[in-house]
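Structural description and commentary
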Amino acid sequence: MKYNKLGQTGLSVSELCLGTMTFGGQGGMWQKIGSVSQKDADDLVKTAVDAGINFIDTANIYSEGLSEQITGQALKNLGIARDEVVIATKVFGRMGSNVNSTGASRYHIMDQVKGSLKRLQLDHIDLYQIHGFDNETPIEETIEALDTLVKQGHVRYIGVSNWAAWQIVKGLGISERKNLSRFASLQAYYTLAGRDLEREIVPMLKSENVGLMVWSPLAGGLLSGKYDRNNETDGDGRRASFDFPPVNRDRAYDCIDAMRVVAKAHDCSVAQIALAWLLHQQAVTSVIVGAKRTEQLEDNIKATGIKLTGADLEALNAVSALPAEYPGWMFERQGGYRQG
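Residues numbered from 1 in each chain as written. Predicted model: local features only at pLDDT ≥ 70, side-chain atom pairs only at ≥ 80, totals over all residues. Heavy atoms only, no water.

With an unreviewed UniProt entry as reference, the protein chain is termed Aldo/keto reductase, source organism Thalassospira marina.

Listed below in structure tokens is the structure:
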């Protein structure tokens with residue numbers, strides 16, 4: 001297991017992060033995603049920590065708070081010391097019927113951090129992330145609220161999830177201008193079959209030294225190896241009941257065909273190739289892997305040992321390359337004009 005610095009902070013996190021969205025299964029859509037019990041969650045957390053994973057990600061909205069509760073209890077049940085793990089959670093989604101029980105307002109953030117700390121049974125959160133962009137709340141208000149939590153000691157680092165490049169850069173500018181805590185990371189969707197992040201966000205992350213946590217690295221299970229062009233599956237995939245995130249199926253199946261060839265050459269699973277490709281991307285800090293069973297998690301962890309060759313990467317990059325889009329193709333055309 002390798003460890004990377006989270007953005008421009010001094011915090012080291014494992015290249016794989018244990019995602020806990022499958023924990024609980026309480027309420028609505030969360031039942032479709034997973035209903036991992038406390039005992040099984042304990043096993044998953046132990047498997048992750050034993051493999052060197054020191055990074056665990058959850059959110060207040062997952063299973064209506066039950067995921068955080070199970071995660072915190074697992075740490076207690078296993079006797080894992082607080083300084084052995086980096087705990088990340090998120091705030092934004094609706095957590096009540098009140099009109100203010102959602103979003104990224106100071107009201108909602110200051111209220112929800114108390115609930116997350118209580119459910120996690122912790123005195124601080126290592127990485128507190130805004131789960132989505134709130135069109136109704138000024139970015140200044142959001143950052144000032146997060147900065148307050150950092151100064152109070154309830155939160156160590158702050159981040160965002162599912163924000164556009166311009167929104168993140170605007171936030172970074174506000175933090176610099178007002179001397180407030182700075183976003184350390186972005187949590188975003190990124191896969192071999194969905195490389196849209198590379199157009200604007202990846203260049204921004206590299207330029208501003210912001211870390212990248214990847215969610216749904218198997219595209220909701222589509223890149224797990226259970227699916228192919230004929231949509232064959234073993235019936236246990238998440239896509240069967242929760243078809244998310246949106247994916248261009250033709251492009252994805254082309255990627256899967258190429259991944260099967262590389263997987264055969266490395267004598268590993270298709271899922272491991274999907275994860276290994278991400279781990280080879282310079283912008284990626286940590287890849288979030290979730291599971292319902294320990295054998296799934298163990299298979300994912302093996303991806304850290306796969307070294308893709310130049311030929312492997314060339315084949316995978318070729319089949320998954322993004323179509324040319326303006327202004328990118330103009331940058332490429334004009335990029336060499338100073339080269340004499």
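Notes on the overall build of the protein chain
Helices and strands together make up the secondary structure of the protein chain, namely twelve helices and ten strands. Against the 2.2 N^0.38 benchmark of 20 Å for 340 residues, the protein chain shows a C-alpha radius of gyration of 20 Å, consistent with a compact globule. Principal-axis analysis of the C-alpha atoms gives the protein chain an extent of 55 × 50 × 35 Å. Sorting the 340 residues of the protein chain into buried and exposed places 54% on the buried side. (Helix = DSSP H or I, 4+ residues; strand = E, 2+ residues; numbered from the N terminus. Rg over C-alpha atoms; globule rule 2.2 N^0.38 Å. Buried < 20%, exposed > 50% of the residue type's maximum accessible area, 1.4 Å probe, protein only.)

Quick look at unusual backbone geometry
In this structure, the amide linkage connecting Tyr326 to the following residue, Pro327, adopts the cis form with an omega of 5 degrees. With respect to the helices, strands and loops of the structure, Pro327 is situated in the loop between helix H11 (310–320) and helix H12 (328–334). Residue Asn162 is not a glycine yet carries a positive backbone phi of 65 degrees. The residue Asn162 is located in the loop between strand E7 (155–161) and helix H6 (165–178) in this model. Even without being glycine, Asn209 reaches a positive phi, approximately 60 degrees.

Some details on H6
Between its terminal C-alpha atoms H6 stretches 20 Å, which fits the 20 Å expected from 14 residues at 1.5 Å a residue. Those residues of H6 that fall on the buried side of the exposure criterion are Ala165, Gln167, Ile168, Gly171, Leu172, Ile174 and Ser175. Structurally, H6 contributes buried residues whose contacts are with helix H5 (139–152), E7, strand E8 (183–189) and helix H7 (201–208). Note on H6: the residue one or two positions beyond its end, Asn179, has a positive phi of about 55 degrees. (Expected span 1.5 Å × (residues − 1). Contact = heavy atoms within 4.5 Å.)

Side note on the sheet that holds strand E5 (residues 86–91)
Taking strand neighbours around the barrel as the criterion, the eight strands line up as E3-E4-E5-E6-E7-E8-E9-E10 in a closed arrangement whose pairing is parallel. Averaged over neighbouring strand pairs, the angle between their axes works out to 30 degrees when direction is ignored. Pairing of E7 with E8 involves four bridges; the strand directions are parallel. Across the sheet, residue Gly159 finds its bridge partner in E8, namely Ser185. In the packing of helix H9 (residues 270–279) onto the sheet, the strands contacted are strand E3 (16–19), strand E9 (211–215) and strand E10 (286–289), and the crossing angle to E10 comes to about 155 degrees. (Pairing = 2+ DSSP bridges. Axes fitted to C-alpha atoms, helices over the stretch in contact; angles between N-to-C directions.)

Some remarks on the environment of Met330
As for its position among the elements, Met330 is in helix H12. Here Met330 falls in the partly exposed class, since its relative accessible area comes to 26%. It is 38 Å that separates the C-alpha atoms of Met330 and Gly103, two residues lying 227 residues apart in sequence.

Let's talk about the pattern of salt bridges
The full count for this structure, using the stated rule, is twelve salt bridges. The salt bridge involving Asp50 is made with Lys46; its shortest N-O contact spans 2.7 Å. Here Asp50 pairs with Lys46, and both are found in helix H2 (residues 38–50), just four residues apart, close to one helical turn. The exposure class assigned to Asp50 is exposed, which follows from its relative accessible area of 55%. Residue class for Lys46 comes out partly exposed when judged on its relative accessible area of 43%. (Salt bridge = Lys/Arg side-chain N within 4 Å of Asp/Glu carboxyl O.)

Regarding the packing of aromatic side chains
The description of two aromatic rings rests on the distance between their centres and on the angle between their planes. Considering all chains together, one arrives at seven aromatic pairs under this definition. On the numbers, 5.4 Å between centres and 40 degrees between planes, the contact of Tyr189 with Trp215 is tilted. You can see Tyr189 sitting in strand E8 and its partner Trp215 sitting in strand E9, a full 26 residues away along the chain. As far as the burial class goes, Tyr189 and Trp215 line up, both buried. Summarising the aromatic geometry, the rings of Tyr190 and Trp277 are spaced 5.6 Å apart at their centres and angled 65 degrees between planes, so their arrangement reads as edge-to-face. Of this pair, Tyr190 sits in the loop between E8 and H7 while Trp277 sits in helix H9, and the two are 87 residues apart along the sequence. Accessibility classification places Tyr190 together with Trp277 in one group, the buried group. Taken together, the ring pairs connect Phe133, Trp163, Trp166 and Phe183 into an aromatic cluster. (Phe/Tyr/Trp six-rings, centres within 6.5 Å; stacked < 30°, edge-to-face > 60°.)

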